[in-house]
Amino acid sequence: MAPERDMKILMFFENDRESFLMDARVKKEAASLAKAGHDVSILIYDMRIDSEDVEFAGCRVRVVGLRHQPSSGEICGPRGRVLGLASNRGVSRLLAPILRLSEFLGFRRMVDGYRALPIALSIEADVYHAHDYATLWLAALCARLRGKPFVYDSHELWSDCWIRGRLQKIVIRTVERYLLPKASSVITVNESIAVILAKRYGIGKPVVVANFPIFRPLDAEDKARAGARIARDLDRGRARAA
């Protein structure tokens, strides 16, 4: 079977640059895809960042922030140009109360997602990849408008955490119940969450991509340090026993 062609992948991450650089899961997924030959961009909710290349794990990915201002020509297609109104300040002020209400009902950082929409539509992508519930709607909408697939990576069991009450829980589960069956693939962090998502939403069992550190063989210095710690702990144990 011939290998799939290299793809352009756009990931969505709801936090700022510092949070992204500390998020080992997102970075490792991006690096793995880049090492496989794919072109990876990550759209982060950071108003300070325009666009920059970031290198980690020997790979380079493009990081795009909310400061980036695409031209109307970059937002391809008639529906994309209409949605480019998201960058219009007057429209943003008009929709602000609705967006804030949406945040209260469970759409975390909805305002930032609205700002990210025209930027996402200006980036050519073959696949949209949502990291967590807050960006699920954005990836699904971009995929629908572009006729492309999207992937959902659930780092948590979102309807059971980060909620203010019963109403938010209902909203989150309703959105996931509607959108998860439409995803080309659902990914999560462990077997227990995979089983719950499959049972709760009537989907195939999500792919489990566990959170593990990158394997690195111990070198002589590591072994010396480990040996020193063991000797120190043995000495402390003997002292307590005496």
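Residues numbered from 1 in each chain as written. Predicted model: local features only at pLDDT ≥ 70, side-chain atom pairs only at ≥ 80, totals over all residues. Heavy atoms only, no water.

Draft legend 1. A look at the pattern of salt bridges. One pass over the structure, following the stated rule, counts 11 salt bridges. As a salt-bridge pair, Glu 18 and Arg 48 come within 2.6 Å of each other at their nearest N and O atoms. Of this pair, Glu 18 sits in helix α1 (residues 17-22) while Arg 48 sits in the loop between β2 (39-44) and β3 (51-56), and the two are 30 residues apart along the sequence. A relative accessible area of 38% places Glu 18 in the partly exposed class. Here Glu 55 ties to Arg 60 by a salt bridge, and the two come within 3.0 Å at their closest N and O atoms. Salt bridges sharing common partners tie together Asp 160, Lys 169, Arg 173 and Arg 200. (Salt bridge = Lys/Arg side-chain N within 4 Å of Asp/Glu carboxyl O. Helix = DSSP H or I, 4+ residues; strand = E, 2+ residues; numbered from the N terminus. Buried < 20%, exposed > 50% of the residue type's maximum accessible area, 1.4 Å probe, protein only.)

Draft legend 2. Structural detail: the packing of aromatic side chains. One pass over the full model with this rule turns up three aromatic pairs. Ring plane angle 20° and centroid distance 6.2 Å describe the contact between Phe 12 and Tyr 128, whose orientation is recorded as stacked. A residue pair is termed long-range when its members are at least 10 positions apart, and Phe 12 in strand β1 (residues 8-13) and Tyr 128 in strand β5 (residues 127-131) qualify at 116 residues. Exposure class is identical for Phe 12 and Tyr 128. Each is buried. Considering the side-chain rings of Phe 20 and Phe 56, the 6.0 Å spacing of their centres and the 70° angle between planes classify their relative orientation as edge-to-face. (Phe/Tyr/Trp six-rings, centres within 6.5 Å; stacked < 30°, edge-to-face > 60°.)

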